[in-house]
Amino acid sequence: MNAIATPASIEAIEARIAPLRSRLTEHPLYASIRTPQHLRLFMQSHVFAVWDFMSLLKALQSALTCVSVPWLPSAFPESRRFINEIVLGEESDQFEGRAISHFELYLQAMQEAGADIGPIRDLLASLAGQPASLAVNDVPLNMPAIPIAARSFMSSTFHVIRSGNLAAMAAAFTFGREDVIPDMFRQMIRDLNTQHAGSFATYIWYLERHIEVDGEDHGPLSLRMVADLCGTDESLWEAAGTAAESAIAARLALWDGILAQLS
């Protein structure tokens, strides 16, 4: 296995993506969500990003661990542990005394808020009857009911998955998926929740839980995974940097698309 690279390699990616990150944290979308209907529209597109995050997570788990029989050891034992810890939190968190994935929690929050879950349910239903060997290329990302911006975002995620480049996948996961919603957005949701009899309580819990685990656990583990997978190979670090930039650019395009819906 490659040696763990120095923190300077991570810092170089962070410096490279800093301008894009700044645009993301200062995006006008946050201040434009002012009513319950605005938030519902946001959720109806954003839920697809929550779903394809789970797909990216499972692609990494499939590549870094053994999920078949007979079992074989991983070439990346450290990253195997990192990804399994992250999967535990994302796929089997605890909410109100029961196990639930963050995606399922998001659907619950949407229903509580009165958002339309029909399109995401249709996508899941189209996949439920498919064989386990369904190719990534066959995932129906272009279903008409899916918002256009969400389709483009998912296409960018599955492009990284199809590449099979572990360094790129890990970087897209790490740098493109950490929470980017600023505190003012969370406060706005709290205000809407107060004004509308607790309709957004589950969504507030989702946001705060995600920010908590990303900051305290998943963020640091993800950074270590990128370092483990890239090692001292400059070409892998370049692939990671490019993937990080592309992931944030895709998020910006998604935010732009949602903002256009609110206008």
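Cut-offs applied
- Residues numbered from 1 in each chain as written.
- Predicted model: local features only at pLDDT ≥ 70, side-chain atom pairs only at ≥ 80, totals over all residues.
- Heavy atoms only, no water.
- Phe/Tyr/Trp six-rings, centres within 6.5 Å; stacked < 30°, edge-to-face > 60°.
- Helix = DSSP H or I, 4+ residues; strand = E, 2+ residues; numbered from the N terminus.
- Buried < 20%, exposed > 50% of the residue type's maximum accessible area, 1.4 Å probe, protein only.
- Salt bridge = Lys/Arg side-chain N within 4 Å of Asp/Glu carboxyl O.
- pLDDT = per-residue confidence, 0-100.
- Contact = heavy atoms within 4.5 Å.
- 1 Å grid on protein atoms, 1.4 Å probe; cavity = no way out; pocket = protein on both sides within 12 Å on 5 of 7 lines; lining within 4 Å.
- Points joined across faces, edges and corners; volume = space filled by probe spheres on them.
- Nonpolar A, V, L, I, M, F, W, Y, C, P; charged D, E, K, R; others polar.

**Here's the deal with the packing of aromatic side chains**
Part 1 of the reasoning: Applying the stated criterion to the full structure yields seven aromatic pairs.
Part 2 of the reasoning: Between Tyr106 and Tyr203 the ring centres are 5.4 Å apart and the planes differ by 85 degrees, which places this aromatic pair in the edge-to-face class. Within this pair, whereas Tyr106 is found in helix α5 (residues 102–113), its partner Tyr203 is found in helix α10 (residues 201–230), the two being separated by 97 residues in sequence.
Part 3 of the reasoning: Overall, Tyr106 belongs to the buried group, its relative accessible area being 0%.
Part 4 of the reasoning: Three or more aromatic residues link up through ring pairs in this structure, and these residues are Tyr106, Tyr203 and Tyr206.

**Some details on the pattern of salt bridges**
Part 1 of the reasoning: Using the criterion set out here, one finds six salt bridges in the structure.
Part 2 of the reasoning: Salt-bridge contacts for Arg16 lead to Glu245; the nearest nitrogen and oxygen are separated by 3.1 Å. Residue Arg16 is located in helix α1 (residues 7–25), and its partner Glu245 is located in helix α11 (residues 234–262); the two are separated by 229 residues in the primary sequence.
Part 3 of the reasoning: Since its relative accessible area comes to 30%, Arg16 is described here as partly exposed.
Part 4 of the reasoning: Glu245 sits in the partly exposed class, given a relative accessible area of 25%.
Part 5 of the reasoning: Salt bridges sharing partners connect three or more residues here, namely Arg16, Glu238 and Glu245.

**Describing the confidence of the model for the protein**
Part 1 of the reasoning: On average, residues of the protein score 88 in pLDDT, and 91% of them are at 70 or above.
Part 2 of the reasoning: Below a pLDDT of 50 lies the segment residues 1–5, which in the model reaches 18 contacts outside its immediate sequence neighbourhood of four places, other chains included.

**Quick word on the layout of surface pockets**
Part 1 of the reasoning: Taken as a whole, the second largest pocket holds about 240 Å³ of empty space.
Part 2 of the reasoning: Taken together, 18 residues make up the lining of the second largest pocket; nearest its centre are Ser156, Val160, Ala172, Ala243 and Ser246.
Part 3 of the reasoning: Elements represented by at least two residues in the lining of the second largest pocket include exactly α7 (148–163), α8 (166–177) and α11.
Part 4 of the reasoning: Residue composition of the lining of the second largest pocket, grouped by class: 10 nonpolar, seven polar and one charged.

**With respect to the environment of Asp191**
Part 1 of the reasoning: In this structure, Asp191 sits in helix α9 (residues 183–195).
Part 2 of the reasoning: On the accessibility criterion, Asp191 (38% relative accessible area) is partly exposed.
Part 3 of the reasoning: Taking the C-alpha atoms as reference, Asp191 lies 9.7 Å from Arg34; in sequence the two are 157 residues apart.

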